[in-house]
Amino acid sequence: MILVLAEHRRGELRDVTFEMLSLAERISKESPMEIASLLLGGERGFIDKLKDFCDRIIFVDSPELKNYSPEPYLEAIKKAIDATSPKLIMISHSSFGMDLAPFLSEKLSLPLITDCVDVSLKEGRLATLRQIYGGKIFSEIRLKPYERYLVTVRPGTFEPEIREKRSASVMEIPFQAGTYKRRFLEYIEEKIEDIDISSADIIVSIGRGIGKPENIPIVQEFADEIGAVLACSRPVADKGWLPKSRQVGISGKTVKPKIYLALGISGSFQHQVGMKNSKTIIAVNKDPKAPIFNIAHYGVVADMFQVIPVLKEKLKK
Amino acid sequence: MNIILCVKQVPDVTEADIRIKKDGKDIEKEDLEMVINEWDNYAVEEAVRIKEKYGGKITVITLGDEESEDVLRRALAMGADEAIRIDEEGFEGSDPRGIALGLYHVIKDLPFDLILTGAQSADMGWAQVGVLLAGMLNIPYATLAVQIEIKDKKVIVKRELESNTFENVELPIPSLITIQSGINEPRYVSVLGIRRVRKLKIEEKFLDDLEIPPDKVGEKGSIIESMKLMPPPEGKGAEIIEGSIEEVCERLAQIIKEKGGL
Ligand SMILES: Cc1cc2nc3c(=O)[nH]c(=O)nc-3n(C[C@H](O)[C@H](O)[C@H](O)COP(=O)(O)OP(=O)(O)OC[C@H]3O[C@@H](n4cnc5c(N)ncnc54)[C@H](O)[C@@H]3O)c2cc1C
């Protein structure tokens, strides 16, 4: 069996759950296996949403599971594993899975491969594909034989669709909460007074390649000239050179402008998640091997500071 | 507040043309500059700020070769008090658990209130070692911290989630926290600053000193049977616009006007 841990937050089932279920379907084509969703806490309505995507839903309900915390999750997952004996357990490589998966691995002695962009099972052995060095290198991994494997799957990698509709049966497992050392307190959403980059038609986005904050006015003037909004990758926001509200990516904003002009951005997956659906992506980068060129429509291998002034002139006319 | 800080050195590959070694297991690192892992740099700064506020001692630990002493000296220059290097020999080919095991066997005998590590490293990006270590030490933890507040023997950690959402969680002391980038502004480290700590002694530990069964670390102890590195598969990719800057910009301007409806 493949056991997919459903991910939900604040009453919403997250897309990555369905992405993992679609990957599970593909794996089960090669090595036939049941697919189960494990739903911890959350709402009963989620069951209906998951039904078509798997053969079984294992539901563990308790107030302690409503908001994620590693200790009660460990206990609930252990129960689910004991009840179903899965060959493979899938969790998302998100802020949730990054927190939980290594803990499960250590406490339940599960061999773990994190941040997979592909996963396969052949003759009971796990093989995965990962990206390392910021996406500049791929790494194909074969694991030693184990009874059970745990993987985390990179969000946004698989289409959240399945080929064959299923019809899941539901199994509930009772849960008795214990006492825990880590306590969830509250969610926080930061409201920053600033323009909303997600409604812009043209975005000029800068990355670490901007070099120093003194260079920002050069790009700002260019953006103003062509009526574009200035956005950035994470390091620029981390350093406080642009406000956090301008950050594009998994932990920032998702944008779909007509034009996304990426200047000095390498194109990590966390950045791509936030901009890959832009209609036209243009990347300017000194490094011809920068991963951003894999998803851009047009690319220029050059120093952004040579390109900007000339391009500005051309667009003035 | 006594803090243990785990850091590592990584090759800087941002603009590098990475070459893969013949055996396909690693990249050629000779020509690459070794730097402190970005997330660890934020962790060092955070530890120093906590020390400045609450007092205590910072012990910084790395597992690496002799060259990796550089990151320890850097952390000492930023404000750490003591440094330990666990020698890499015998740990080559370890999976994240093997590395965490090495750290565990040194840390278990040290007194501490907090352990800080980076959320992940820029090379392999497993994002596992911190949490594995917490699991081994049987202490609570929280990952991806963007703010840490200490109040009456409790720590409130603001964790970064997706899409500009965060959560606050409460941990007792002792506990372990992994640090997300942007949590602070790491101070500048001058050459002079590093020279000043040149004479501080770095304690060295070797696998033999650590009572770790040797088959638990290195390739033997790893869950991985084989690993093959390769360049990214050639996808569709971008249409690369070539020519002089003039020509390139002419074409770019055309595309921007046409697709952007200017
Ligand atoms: C949990 C988590 C969440 C994250 N969320 C996000 C997120 O939401 N958004 C995000 O962006 N990142 C996010 N990151 C960080 C991400 O992993 C990368 O570190 C980051 O995206 C890299 O930004 P960058 O491309 O600007 O910098 P780098 O990777 O350092 O790339 C800089 C690029 O600039 C090029 N360059 C340098 N100088 C010039 C020049 N003069 N002209 C042209 N090109 C030049 C270089 O060749 C290089 O390709 C997250 C990471 C984690 C762990």
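Scroll up for the structure.
Scope of this entry: the structure provided in the associated data block. Keep in mind it's a predicted model, so treat the numbers as computed, not measured.

Attention now goes to empty space enclosed by the protein. Gaps left between atoms are located by rolling a probe of water-molecule size over the structure's atoms. Applying the stated criterion to the full structure yields one cavity of 30 Å³ or more. Residue lining of the largest cavity: A:Glu7, A:His8, A:Arg9, A:Tyr68, A:Tyr73, A:Ser95, A:Phe96, A:Tyr187, B:Arg159, B:Leu161 and B:Glu167, and that is the complete set. For the lining of the largest cavity, the secondary-structure elements that each account for two or more residues are strand S2 (8-9) and helix H4 (95-107) of chain A.

Our next topic: the sheet that holds strand S14 (residues 229-232) of chain A. Taking strand neighbours across the sheet as the criterion, the six strands line up as S14(A)-S13(A)-S15(A)-S16(A)-S17(A)-S13(B) in an open arrangement whose pairing is parallel. Each edge of the open sheet carries a strand with a single partner, namely S14 of chain A together with strand S13 (239-240) of chain B. Pairing of strand S13 (residues 202-206) of chain A with S14(A), which is carried by four bridges, proceeds in the parallel orientation. Residue pairing across strands places A:Ile206 opposite A:Cys232, the latter belonging to S14(A). Helix-sheet contacts for helix H5 (residues 216-225) of chain A involve S13, S14 and strand S15 (259-263) of chain A, and the interaxial angle to S13(A) is about 170 degrees. Of the strands in this sheet, S13, S15, strand S16 (280-285) and strand S17 (298-301) of chain A touch helix H9 (residues 304-316) of chain A, which is tilted by about 140 degrees from S15(A).

So, about the packing of aromatic side chains. Scanning all chains against the criterion turns up seven aromatic pairs over all chains. Their ring planes at 80 degrees and their centres at 5.9 Å tell us that A:Tyr73 and A:Phe96 sit as a pair that is edge-to-face. Of this pair, A:Tyr73 sits in helix H3 (residues 70-84) while A:Phe96 sits in helix H4, and the two are 23 residues apart along the sequence. Take A:Tyr73: its relative accessible area is 2%, and that puts it in the buried class. Sitting above the plane of the B:Tyr141 ring, A:Arg182 keeps its charged end 5.7 Å from the centroid. One residue, B:Lys158, lies across the ring of B:Phe166, its end atom 4.6 Å from the ring centre.

Let us now look at a negative patch on the surface. A contiguous patch of negative charge, built from B:Asp65, B:Glu66, B:Glu67, B:Asp70, B:Glu88, B:Glu89, B:Glu92, B:Asp208 and B:Asp209, is present on the exposed surface. Note on placement: B:Asp208 falls in the loop between strand S11 (202-205) and helix H6 (218-221).

All names here are of chain A. The first and last C-alpha atoms of helix H1 (residues 15-30) sit 24 Å apart over 16 residues, in line with the 22 Å expected at 1.5 Å per residue. Summarising burial for H1: twelve of the 16 residues are buried, a large majority. Listed as buried for H1 are Val16, Thr17, Phe18, Glu19, Met20, Leu21, Ser22, Leu23, Ala24, Glu25, Ile27 and Ser28.

In this section: the sheet that holds strand S5 (residues 82-87) of chain B. Sheet architecture is open: ten strands sit in the order S12(A)-S9(B)-S8(B)-S7(B)-S10(B)-S6(B)-S1(B)-S4(B)-S5(B)-S11(B), paired in mixed fashion. The open sheet terminates on both sides in strands that have one partner only, identified here as strand S12 (183-189) of chain A together with S11 of chain B. In this sheet, neighbouring strand axes are inclined to one another by 30 degrees on average, regardless of whether the strands run parallel or antiparallel. Bridge count between strand S7 (residues 141-151) of chain B and strand S10 (residues 175-179) of chain B: three bridges; the pairing is parallel. Across the sheet, residue B:Tyr141 finds its bridge partner in S10(B), namely B:Leu176. Where helix H2 (residues 69-78) of chain B meets the sheet, it contacts strand S4 (58-64), S5 and S11 of chain B, and its direction lies at approximately 170 degrees from that of S5(B).

About the cut-offs
Residues numbered from 1 in each chain as written. Chains lettered and ligands numbered in written order. Predicted model: local features only at pLDDT ≥ 70, side-chain atom pairs only at ≥ 80, totals over all residues. Heavy atoms only, no water. 1 Å grid on protein atoms, 1.4 Å probe; cavity = no way out; pocket = protein on both sides within 12 Å on 5 of 7 lines; lining within 4 Å. Points joined across faces, edges and corners; volume = space filled by probe spheres on them. Helix = DSSP H or I, 4+ residues; strand = E, 2+ residues; numbered from the N terminus. Pairing = 2+ DSSP bridges. Contact = heavy atoms within 4.5 Å. Axes fitted to C-alpha atoms, helices over the stretch in contact; angles between N-to-C directions. Phe/Tyr/Trp six-rings, centres within 6.5 Å; stacked < 30°, edge-to-face > 60°. Buried < 20%, exposed > 50% of the residue type's maximum accessible area, 1.4 Å probe, protein only. Lys NZ or Arg CZ within 6 Å of the ring centre and 35° of its normal. Patch = residues over 30% accessible without salt bridge, like charges linked within 9 Å, V, L, I, M, F, W, Y side chains within 5 Å. Areas by Shrake-Rupley, 256 points an atom, 1.4 Å probe, with all protein chains shown as cover. Salt bridge = Lys/Arg side-chain N within 4 Å of Asp/Glu carboxyl O. Lys, Arg positive; Asp, Glu negative; His and termini not counted. Charge placed at Lys NZ, Arg CZ, Asp CG, Glu CD. Expected span 1.5 Å × (residues − 1).

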